[in-house]
Every structure is written in structure tokens, then in C-alpha cells.
Amino acid sequence: MKKIRYIIDLIRKIFKSRGVDRPIYFCIILLAIYGIIMIGSASVGSTAKYGSNYALMNMVKQAVFVVIGLGIMIFFTRCFKKSWINEYSTWVLYAIGFVMLLVCLFFEDVNGSKAWIHIGDSFTIQSSEFMKIILILFLSYHFGELEEFCTIPKNISIEKRHSLYLRKIWYCIIRPIIASLAVFAVVVLLQSDLGSGLIIAFICIGMFYVTPRSFYRKFKKICSVLLAGFIVVFAFFAGFVLKSHQLARFTSWLNPLSDALGDSYQLVNSMIAFTNGGLFGLGFGSSQQKYGFIPESHNDFIAAIIYEELGLVGFLLFLIPYCIIIYRLFQYGLKMKDTKSKLILYGVALYFFAHLIVNVGGVSGLIPMTGVPLLLISYGGSSLWASMIGLGICQSIIAKYNRDLLKAQIE
């Protein structure tokens, strides 16, 4: 009992930071522990192939990832300052992230995608996961703080005003769009990682639309027209743009049973897992589909194993905490006065929302399956650490807001 109390007190001290949102912390820890347990259960199905200790080793590795991730999150919560995000730092971060994306191309592909940097035989880094957080910070500065700086005086000539207006369009719209498109092109066309590319596109477009600055209003309308046109053109020419394995994901989604033993194999078996689950599932550890029917079920398809074993109840055990995190981030985003902080909170919320929709929607057959991790739950360090960095930055912003609010109330 004394050891348990000591551990509880230690955890309280670690997470004790005046002003942070404790419900978010609680949901993070709940999801991380839930993920470790379900990774162990899902990995049991592969012990015949990888050895009897495979499930235990995956749980231990994920636990190590979680501990390191929590340390990273606490560091950013206590040390991050909004002033860190400026013209110089955003471009430095962008350059580092972009180089990491290109470095992936020199390593062997995994399931058709060159999205990982291999360190040794067992450790990999998925650079696109960190690039998502970098882009959130990059766009929060360019769509927020930089736009506020680029004010156009009224008492100047029309020619000068027009020149400054064009310059503002370049710095606040065209330049960040080019930077975002460059990342999207590398991830989708060179790395062949369509899932990450779509999430990056969703985050960037979403942050553009939620930007509250009035300067962007007419450009949002133009963007809507261009986006609609792009979707129509893409629908007609997808066969010429996408690679064969990427196109197969769309055809298998439209008709999963057309090639149930080929391209649709994982999707069909994942749908069977959801069918088996029901309300309470088959019981913890009782999944049938994890035994060879869903390869690497502890990664992108872990939601299907959770539903099969624990049913709708087990599904809600991670869905509700997810929704709480997303809701709280949006809630605090609405309260923020400075645009940069607002966009960072919105961006991380969009990041979690996109991963949730694309992962669960893909493995359940509601949308084309693109293969992205379920943040904080799926096996792996890159997505876990990237999400922890994002949440740590958000907690720092939230803590400062709450401290300033309390200070104003006292005064």
C-alpha cells in the first residue's frame, strides 16, 4: 500500500501544474493505458509467427514509448512559450521536417510506402507524424500572428496600398499554401503514404477555414470553389495519379467482396471483427480475427480488435475520451484572444479528429481504408510522441490562459 501511495503522489507531483486542463490529462493516461493493454491482446495473434514473447515485448515497448511521451508532454507543458513560434523558428522546423520526409526515401518501403526512417532492425521513425505538428505551428504563425503584423495603413496612396496588399497575399496565403502543398506532394507522390497525406491536407485546409481573421473571408470562398473543382477532377483522373496499391484501396472499399482474398482481405476481415463484436464483444482476449486474418492487428487495425473483443462498450471506452480531448481543445480555442494560440488548439483538435475519423472509418468500411494509426492507442512511438508534443503545447497555452484569467479575477 505504501508503494502504491508513493506512486500516486509522484504522479500527482509530475502532473501538478497550475492552470492545465486535468480532464485532458486524465483522458491521455486512460487512452495510453488502454492502448498498452489492447496492443498486448492484439499481438497474441502473431505469437505463432514471431515467438511466444511477442505480445509481452510489444506491451513493454509501448509502455516505454508512453513513459517517454509523457516526459516530452510534461516538458512542453511547463516550458513551451508562444514566442518560440516566430518567422525564424517556423521555417527552421519546416526545413527539418521536410528533410526528414526526404530521408525516408532512402530506406526500404513498408507495404508499398517509404514513410519510415529505419534505425537498426527494430526501431523506425515515421517523419510525417512529426510534420503534422510542425505544420500546425507553421500555419498558426502564418495565418495568425503574421497576418496581424501585416496591417495596411489607410492614409497611403492607392498604388502603395495595392503593393502592400499583394505582398500580404504572398506572405499570408500563397507562401504557406506552397509549403503545405510541397509536404503533401512528397508524402503522397514520393512516400506513397496516402493516409498521412490526406490527414495533412485536412489539417491545413481546416486551419485555413477556422482562421478568424477577416482578411481571409473572400479567399475562403475562392478556396471552396477550387477545392470542389479539384475533387471533381481527381475523381475522373485518380487512375492516372494514384499508384496501383493506392487505387486498390478505393476499389476494394466500393466493392469489398470483389477480391476478398486479395486487396480487400484486411478490410473484409476487419468488417467481420466489427460484426462479431456486438454490444459487449466476444470477451477480452477472445478475438478470432487477430489470428492471421488481420495482419499486424496491433497497429492500424486495433480498433477492429477492440470492437470484436469488447464490443460497443469497449469501443466507447476510447471514443468518449477522444471526444473529450477534441471538445476541450475546441472549447479553449474559442476562448483564446490571440489568433496564434487559437489556431494551435484548433489544429491539434483537427489532428486528433482526422486520425479518429480516418482510422475508425477505414477499418470499419465507412470510408476508403488508408492505414493511419489511432493516436495514443495504436502501437508505435512516432504517432504517440507527435500527439504528446501537440497536447503538451496545448496544455501550456491552456495553463497560461487559466493563470491569466485567475490573475484578472483577483485584481
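Residues numbered from 1 in each chain as written. Predicted model: local features only at pLDDT ≥ 70, side-chain atom pairs only at ≥ 80, totals over all residues. Heavy atoms only, no water.

Draft legend 1. Spatial organisation of the environment of lysine 340. Summarising the element assignment, lysine 340 is placed in helix α13 (residues 339-364). The contacts of lysine 340, once residues within four sequence positions are left out, are Lys82, Ser83, Ile85, Ser140, Tyr141 and Glu145. Here isoleucine 85 takes part through its backbone oxygen, which lies 2.9 Å from a polar atom of the side chain of lysine 340. (Helix = DSSP H or I, 4+ residues; strand = E, 2+ residues; numbered from the N terminus. Contact = heavy atoms within 4.5 Å. Polar contact = N/O pair within 3.5 Å; in protein donor to acceptor, adjacent residues only side chain to side chain.)

Draft legend 2. Molecular detail of the nonpolar core. Core analysis: the biggest nonpolar cluster contains 103 residues, and Phe318, Leu329 and Leu391 have the highest contact counts within it. Ignoring anything within four residues of it in the chain, the contact list for phenylalanine 318 reads Leu31, Tyr34, Ala303, Ile306, Leu356, Val360, Leu374 and Ile377. (Core = buried A, V, L, I, M, F, W, Y, C linked by side-chain atoms within 4.5 Å. Buried < 20%, exposed > 50% of the residue type's maximum accessible area, 1.4 Å probe, protein only.)

Draft legend 3. Representation of helix α11 (residues 265-277). Its 13 residues place the ends of α11 19 Å apart at the C-alpha level, agreeing with the 18 Å of an ideal helix rising 1.5 Å per residue. Taken together, the buried positions of α11 are Leu267, Val268, Asn269, Ser270, Ala273, Phe274 and Gly277. Remark: glycine 278 follows α11 within two positions and exhibits a positive phi of approximately 65°. (Expected span 1.5 Å × (residues − 1).)

Draft legend 4. Inspection of the packing of aromatic side chains at higher detail. Summed over all chains, the structure comprises 27 aromatic pairs. When the ring of phenylalanine 80 is compared with that of tryptophan 84, the centres are 5.6 Å apart and the planes differ by 80°; the resulting orientation is edge-to-face. Owing to a relative accessible area of 7%, phenylalanine 80 belongs among the buried residues under this scheme. The partly exposed category is assigned to tryptophan 84, whose relative accessible area is 37%. Considering the side-chain rings of phenylalanine 208 and tyrosine 216, the 5.7 Å spacing of their centres and the 85° angle between planes classify their relative orientation as edge-to-face. Taken together, the ring pairs connect Phe143, Tyr165, Phe208, Tyr209, Phe215, Tyr216 and Phe219 into an aromatic cluster. In this arrangement the basic side chain of lysine 168 is found over the ring face of phenylalanine 215, its NZ or CZ atom lying 4.5 Å from the centre. A cation over a ring is seen here: lysine 335 above tyrosine 332, with NZ or CZ 4.9 Å from the ring centre. (Phe/Tyr/Trp six-rings, centres within 6.5 Å; stacked < 30°, edge-to-face > 60°. Lys NZ or Arg CZ within 6 Å of the ring centre and 35° of its normal.)

Draft legend 5. Here's a closer look at the packing of helix α6 (residues 127-149) against α13. Where α6 meets α13, the closest approach of the two axes is 8 Å, and the angle between their N-to-C directions is 150°. Between α6 and α13, the crossing angle belongs to the class labelled roughly antiparallel. As α6 packs across α13, the resulting crossing turns out to be right-handed. Taking contact as the criterion, the partners of Glu129, Lys132, Ile133, Ile136, Leu137, Leu139, Ser140, Tyr141, Phe143, Gly144, Glu145 and Glu148 in α6 are, on α13, Thr339, Lys340, Leu343, Ile344, Gly347, Val348, Tyr351 and His355. (Axes fitted to C-alpha atoms, helices over the stretch in contact; angles between N-to-C directions. Parallel < 35°, antiparallel > 145°, perpendicular 65-115°, else oblique. Left-handed = near helix turned anticlockwise from the far one by under 90°.)

Draft legend 6. Structural detail: helix α8 (residues 194-210). In a regular helix each residue adds 1.5 Å, so 17 residues correspond to 24 Å; α8 covers 24 Å between its end C-alpha atoms and thus fits that length. Of all the residues in α8, the buried ones are Leu194, Gly195, Ser196, Gly197, Ile199, Ile200, Ile203, Cys204, Gly206, Met207 and Phe208.

Draft legend 7. Quick look at the packing of α11 against α13. It is at 7 Å that the axes of α11 and α13 come closest, and there the two elements cross at 95°. As the angle between them shows, α11 and α13 are arranged roughly perpendicular. Contact with α11, carried on its side by Leu267, Ser270, Met271 and Phe274, involves Gly362, Val363 and Ser364 of α13 and no other residues of that element. For the contact of α11 with α13, the class distribution of residues is 4 nonpolar, 3 polar and no charged. (Nonpolar A, V, L, I, M, F, W, Y, C, P; charged D, E, K, R; others polar.)

Draft legend 8. Main features of the pattern of salt bridges. Tallying each qualifying case throughout the model produces 7 salt bridges. In this structure, the salt-bridge partner of lysine 290 is glutamate 309, at a minimum N-O distance of 2.9 Å. With lysine 290 in the loop between α11 and α12 (302-335) and glutamate 309 in helix α12, this residue pair connects regions lying 19 residues apart in the sequence. In this structure, the salt-bridge partner of lysine 400 is aspartate 404, at a minimum N-O distance of 2.9 Å. Taken together, the positions of lysine 400 and aspartate 404, both in helix α14 (residues 382-410) and 4 residues apart, correspond to about one turn of that helix. (Salt bridge = Lys/Arg side-chain N within 4 Å of Asp/Glu carboxyl O.)

Draft legend 9. Region of the structure containing unusual backbone geometry. The residue serine 192 is not glycine, and still its phi comes out positive at about 60°. Looking at the secondary structure, you find serine 192 in the loop between α7 (158-190) and α8. Residues other than glycine seldom take positive phi values, yet leucine 376 does so here, at roughly 75°. By secondary structure assignment, the location of leucine 376 is in the loop between α13 and α14. By relative accessible area, which is 2% here, leucine 376 ends up buried.

Draft legend 10. Expanded view of the environment of isoleucine 393. Positionally, isoleucine 393 belongs in helix α14. Residue isoleucine 393 is classed as buried on the basis of its relative accessible area of 2%. Discounting chain neighbours no more than four positions away, the residues touching isoleucine 393 are Phe76, Phe80, Leu137 and Ile344.

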